[in-house]
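Survey of secondary and tertiary structure
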Amino acid sequence: MAELVQRSLEDRLPELEQLERVGLFSRREIKAVIKKASALEYKIHRRALSKEDFISYVQYEINLLELIKKRRLRIGYFFKKDEIEFSIVHRIHSVFKRATAKWKSDLQLWLSHVAFCKKWNCKTQLSKVFSAMLAIHPDKPALWIMAAKWEMEDRLSSESARHLFLRALRFHPESPKVYQEYFRMELMHAEKQRKEKQELEQAKMDVGELEYSEEILNGQLGRVIYKDAVQKIKGAEFHLSLLSTVKLFDFAQDLQKEILKELQTLHADEPLMWDYMARLELETESLPSAEYSSKLSKALDLARKEARCCAVYEEAISAVPTEAMWKCYVIFCLERFKRKTNSEQLKEKRQEKLLAIFLRAHESTLLEEALYKQWVLVLLELNKLETAAEISAVATERFSHSVEMWQMRLQVLMKLKSDNVPQHFKEAFCQVKTKETLPLWTLWVEWSEGANTESDTEELFQRSILSTDPAVSVTMKEKYLDWAYRTGGYKKAKRVFTRFSLFALFLSYFKSFPPLLCP
């Protein structure tokens, strides 16, 4: 081991001599570097190897590179990089190679090597690192995509990127992400070749010797990938991801239309497709700018677009009358309602449409639980408290075991200052599971503090701590103690504490209220 360490230190001598000769490091600093390097070398050459030692070694060398970079900037000396930096970089690669060979399964170690290669622009070495990493970790699609994107975007090698994507598809034939990135890469390659050809033609250069395949220029490779992808991976979501990619490329209008047409054909029964088609109406061309004589005309144009969207949604709920389809329709109307506008007429139309759709979805019994809450919030925002109370009552009838629906109903009743709040709390406790009643108890005691006397609130606390669920009981005991301290001081809190003998349980409260520990 000593011979190996000595040889490694001797290999450092040329770069250390250059560092001292050009004035980047002093003799004293060179000796410190040798001492530290010697200690690190012994650690990575012993029998019982530790990954942390290799990481420390690499980190030290990287810090040394950064220090050299700062020293160069300070003294304005930028020569002898081959003898100094490149030697250190080569040594770091060697250490990384040893570490990844020893701990092949440590993905973070591989990625650290990749990051180092990118930072120091070691393209040849990085290509080798990617090859070795993918041989060990072929089961991770993200690594294949990372390698292919680097080949395409940094090395500008579309052939290498294509080769990597094809290999990735052999390991992951049904990976949506691999297909998406491969599809994007081929379209990028086609766009790049189109620009190259256009620039050469503008410069009046002969492009006859260069091979520009019309099929590639028109995105035919992208079409092949798309066809293969939709055969293997079903679902409107994946189809839409390819459509959103192709929309980024102006030259692929024909392919975009083809994908859109097949989306409608293959996924006619999926709400996601209908939602996309409806929202697409918002992207249609507006009226000519000459017709925009006022803000009113803009609002009317936007109202027409939204009406066309709603027409598509109406067709959708007839073709696919499901809860998911109604959800898409309601969410669209809710988004438009929340969108700011200066037109009062448009605002009123959006409000009427939203409330009508909420009601129709409810009457169809296809409005999901979360949207009932949104419905009530909208009604509260519009100051329609009575209607909000009616809807929240209907929601608790339909979702009688939902603690959130009961919370919502009770909060609306509190806003109305109803006299029946306690009765509805009791009804809620009969419907909701005991282990889920904590929010209801909390809401009840908070309401009681403002609406009832202290004795009524204390009685309510005493009832809550009798819950058969330990988690509910413990939490309410904590709240009881806190309330006792706020309303009656430490003496009242101490009486509560003594009554329940909760020393261990309320240790955190003792730190907040030291008087509790006084005799």
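Just so it is clear, the model here is predicted, and its values are computed rather than measured. (Residues numbered from 1 in each chain as written. Predicted model: local features only at pLDDT ≥ 70, side-chain atom pairs only at ≥ 80, totals over all residues. Heavy atoms only, no water.)

Following both chains from N to C, one finds helix α18 (residues 369-381) and helix α20 (residues 403-415) inclined at 15°, their axes separated by 10 Å at the closest point. As far as their axial angle goes, α20 and α18 are roughly parallel. The two elements α18 and α20 meet at a crossing, and its hand is left-handed. Packed against α18, whose contacting residues are Glu369, Tyr372, Lys373, Val376 and Leu380, the element α20 presents Glu404, Met405, Met408, Val412 and Lys415 at the interface. (Axes fitted to C-alpha atoms, helices over the stretch in contact; angles between N-to-C directions. Helix = DSSP H or I, 4+ residues; strand = E, 2+ residues; numbered from the N terminus. Parallel < 35°, antiparallel > 145°, perpendicular 65-115°, else oblique. Left-handed = near helix turned anticlockwise from the far one by under 90°. Contact = heavy atoms within 4.5 Å.)

Below, the discussion takes up the environment of Gln59. Here Gln59 is to be found in helix α3 (residues 51-75). The spacing of Gln59 and Ile92 is 33 residues in sequence and 9.2 Å in space, taken between C-alpha atoms.

So, on to unusual backbone geometry. Here the phi dihedral of Lys80 falls at roughly 60°; this positive angle occurs in a residue that is not glycine. Along the polypeptide, Lys80 turns up in the loop between α3 and α4 (85-102). Residue classification places Lys80 among the partly exposed positions, given a relative accessible area of 30%. Even without being glycine, Asn121 reaches a positive phi, approximately 55°. Here Asn121 shows up in the loop between α5 (107-119) and α6 (123-136). Judged by relative accessible area, which is 54%, Asn121 ranks as exposed. (Buried < 20%, exposed > 50% of the residue type's maximum accessible area, 1.4 Å probe, protein only.)

A word on the packing of aromatic side chains. To describe a pair of aromatic rings, one takes the distance between the centres and the angle between the planes. Scanning the entire structure with this criterion turns up 21 aromatic pairs. With 5.5 Å between their ring centres and 70° between their planes, Tyr77 and Phe79 make a pair best called edge-to-face. Judged by relative accessible area, which is 58%, Phe79 ranks as exposed. On the numbers, 5.8 Å between centres and 45° between planes, the contact of Phe130 with Trp150 is tilted. Remark: Trp150 occurs in helix α7 (residues 141-153) and Phe130 occurs in helix α6; sequence separation between them is 20 residues. Each of the two residues, Phe130 as well as Trp150, counts as buried. Of the aromatic side chains, those joined through ring pairs into one cluster are Tyr313, Trp326, Tyr329 and Phe332. (Phe/Tyr/Trp six-rings, centres within 6.5 Å; stacked < 30°, edge-to-face > 60°.)

According to the stated counting rule, one finds 34 salt bridges in the structure shown. One salt bridge connects Glu29 with Arg71, and the closest N-O pair in it is separated by 2.8 Å. Remark: Arg71 occurs in helix α3 and Glu29 occurs in helix α2 (residues 27-45); sequence separation between them is 42 residues. Across the pair Glu181 and Lys177 runs a salt bridge whose closest N-O atoms are separated by 3.7 Å. Placement of the pair is Glu181 and Lys177 together in helix α9 (residues 176-202), with a separation of four residues, close to one helical turn. We classify Glu181 as buried; its relative accessible area is 10%. (Salt bridge = Lys/Arg side-chain N within 4 Å of Asp/Glu carboxyl O.)

We now examine the packing of helix α12 (residues 236-246) against helix α14 (residues 271-280). Look at α12 against α14: their axes get within 8 Å of each other, and the N-to-C directions meet at 35°. Taken as a pair, α12 and α14 cross one another with a handedness that is right-handed. Residues Ala236, Glu237, Leu240 and Leu243 of α12 form the contact with α14, whose own contacting residues are Leu272, Met273 and Tyr276. Its residues assigned to classes, the contact of α12 with α14 shows six nonpolar, no polar and one charged. (Nonpolar A, V, L, I, M, F, W, Y, C, P; charged D, E, K, R; others polar.)

Let's shift gears to α2. Spacing of three or four residues puts side chains on the same side of an α-helix, whose turn is 3.6 residues. For α2, built from 19 residues, the straight-helix expectation of 27 Å at 1.5 Å per residue is met to within 8% by its first-to-last C-alpha distance of 27 Å. Considered for burial, the residues of α2 that qualify are Ile30, Val33, Ala37, Ser38, Leu40, Glu41, Ile44 and His45. In this structure, the buried residues of α2 make contact with α1 (2-21), α3 and α4. (Expected span 1.5 Å × (residues − 1).)

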